[in-house]
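Listed here are the chains, written in short residue letters.
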Amino acid sequence: MSPWSAARAALRVYAAGAAVILAQLLRRLLGGFAEPVCARQPGRVAIVTGGTEGIGLATCRRLALLGMRVIIAGNDVTKGHQAERSLRAETGNPEVEFSYCDLASMRSIREFVLKFKERNLPVHVLVNNAGVMMVPERQETADGFEQHFGVNYLGHFLLTLLLLDTLERSGRPGAHARVVSVSSATHYVGELALDDLQSRNGYSPHAAYAQSKLALVLFTYHLQALLDARGSPVSALVADPGVVDTALYRHVFWGTRLVQKLLGRWLFKTPDEGARTSVFAALAPELEGAGGRYLYGVREARSLALTYDRQLQRALWAQSCRLARVRDPATDSIPE
Ligand SMILES: NC(=O)c1ccc[n+]([C@@H]2O[C@H](COP(=O)([O-])OP(=O)(O)OC[C@H]3O[C@@H](n4cnc5c(N)ncnc54)[C@H](OP(=O)(O)O)[C@@H]3O)[C@@H](O)[C@H]2O)c1
């Protein structure tokens, strides 16, 4: 990637963020962010990746308050157990637990799923929430994938496919299981480099983050098409939380961090406000059987036109099966 392309990607990402911030400010002045209305969910099970802080932790809190068994999947044991303890105490729900899952390692994801499956629990909600943003230098995951692509996208791709049979058994007509993938407005300015998904020909932290969020949208739509073809009682949805005051911004331009610090409480959503979109996608009764949608706040929005391109969805899916060494559920084979 040329310096010019990298600068262009950065400008586009900041412009997308600024547009969301302005819209949020207006919404806050006009009365704030709508709350999803969801019934209690006793006996139902949710897995939330990256549930140890930020939007993920707030999502776990809301699901626990609704009586769900919540499994926090994370890569930091100390933070995980701390989140488990504090959520149990805050919500009075003893069925909140931490389980180790490093999305930067295919082996760790497989071990997490194996351990989970040994317990014969259902999964009614999977929230693919964990993420990293704008890692300054190109870094690779344990399997040699570029960090944003590997953690934000491919790790969740593998996790979802490995849990698909359990999700399919857990859902039923009228009460679909749901896969919620947390994307971002940056997907609108993302580009998918199918011939260089790992950013080997030049790295831009902004382009890499936006690409990973774009990939999650393409993945969700293709997954929904597959589920529809199989008549599966599972829905796949995208949640866009908006711009939220979390530690995700640790690597961004210092000016943005200063704005976050000084004006964050007016311009940014709180983690709880950000989590409302994930909870809405996971549980809202009005979304029953209505997968394949992009949700912003508590309403549907159109994603980037490119995300509806079936051929692009298929191409990314096939590459992802190959990279993650997982069977393509559509063909029941691992693509060469
Ligand atoms: N904040 C925003 O404005 C915003 C906007 C749009 C979309 N989003 C999306 O929302 C999601 C949550 O972000 P956030 O703002 O809540 O950020 P955050 O506070 O930094 O939380 C990110 C979570 O992901 C976890 N994580 C990172 N790498 C992981 C790995 N290898 N394996 C397992 N877990 C890992 C983190 O755990 P550790 O810290 O222990 O690694 C943390 O729990 C992300 O997908 C992000 O892209 C956020």
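Residues numbered from 1 in each chain as written. Predicted model: local features only at pLDDT ≥ 70, side-chain atom pairs only at ≥ 80, totals over all residues.

- An unreviewed UniProt entry lists the protein chain under the name Dehydrogenase/reductase SDR family member on chromosome X, from Pipistrellus nathusii.
- Listed in UniProt under the heading Sequence similarities (unreviewed entry), the comment for the protein chain reads: "Belongs to the short-chain dehydrogenases/reductases (SDR) family." (UniProt positions renumbered as here; feature names shortened; annotations may be inferred.)

## Some thoughts on the site of the ligand
Piece 1. Residues in close proximity to the ligand total 30 residues, the closest being Gly50, Gly54, Gly131, Thr246 and Leu248.
Piece 2. In terms of residue count, the dominant contributor to the shell around the ligand is helix H2 (residues 54-65) (three residues).
Piece 3. Counted by class, the shell around the ligand contains 14 nonpolar, 12 polar and four charged residues. (Near = placed C-beta within 6 Å. Helix = DSSP H or I, 4+ residues; strand = E, 2+ residues; numbered from the N terminus. Nonpolar A, V, L, I, M, F, W, Y, C, P; charged D, E, K, R; others polar.)

## Side note on helix H6 (residues 205-230)
Piece 1. With 26 residues, H6 extends 37 Å from end C-alpha to end C-alpha; this agrees with the ideal 38 Å at 1.5 Å per step.
Piece 2. Within two residues after H6, Gly231 carries a phi angle of roughly 65 degrees, on the positive side. (Expected span 1.5 Å × (residues − 1).)

## Observations concerning the pairing of strand S4 (residues 125-128)
Piece 1. Along S4, one buried face is formed by Val125 and Val127 and the opposite face, lined by Leu126 and Asn128, is buried too.
Piece 2. Relative to S4, strand S1 (residues 45-49) is paired through three bridges, and the arrangement is parallel. Paired with Ile47 across the two strands is Leu126, which belongs to S4.
Piece 3. Sheet analysis places S4 next to strand S5 (residues 177-182), joined by four bridges and oriented parallel. From the neighbouring strand, Val125 faces S5, where its bridge partner is Arg178.
Piece 4. Taken together, S4, helix H5 (residues 147-170) and S5 form a β-α-β motif whose crossover is right-handed. (Buried ≥ 20, exposed ≤ 12 C-beta atoms within 10 Å, placed from the backbone. Pairing = 2+ DSSP bridges. Right-handed = clockwise from strand over helix to strand, strands pointing away.)

## What about the environment of Ile109?
Piece 1. Along the chain, Ile109 falls in helix H4 (residues 106-118).
Piece 2. Here Ile109 falls in the buried class, since 25 other C-beta atoms lie within 10 Å of it.
Piece 3. Taking the C-alpha atoms as reference points, Ile109 and Leu158, separated by 49 residues in sequence, lie 7.6 Å from one another.

## A look at helix H9 (residues 310-324)
Piece 1. Taking 1.5 Å per residue as the helical rise, H9 with its 15 residues ought to reach 21 Å, and the 21 Å between its terminal C-alpha atoms agrees with that figure.
Piece 2. Turning to H9, its buried residues are Gln313, Leu316, Trp317, Ser320, Cys321, Leu323 and Ala324. One side of H9 holds all its buried residues, which, seen down the axis, span an arc of 165 degrees.
Piece 3. Where H9 is buried, its residues meet H4, H5 and H6. (Arc of directions from axis to C-beta. Contact = placed C-beta atoms within 7 Å.)

## Some words on the sheet that holds S4
Piece 1. Taken in spatial order, the eight strands of this open sheet run S3-S2-S1-S4-S5-S6-S7-S8, and their pairing is mixed. Both edges of this open sheet fall to strand S3 (96-100) and strand S8 (299-301), since each of them pairs with a single strand only. Strand-to-strand, the axes of this sheet are offset by a mean angle of 25 degrees, without reference to chain direction.
Piece 2. Bridge analysis of strand S2 (residues 69-74) against S3 gives five bridges, and the strand direction is parallel. Note that in S3 the partner of Ala73 across the bridge is Ser99.
Piece 3. Contacts from helix H8 (residues 271-283) reach S1, S4, S5, strand S6 (234-240) and strand S7 (293-296) within the one sheet, and its direction differs from that of S5 by about 155 degrees. (Axes fitted to C-alpha atoms, helices over the stretch in contact; angles between N-to-C directions.)

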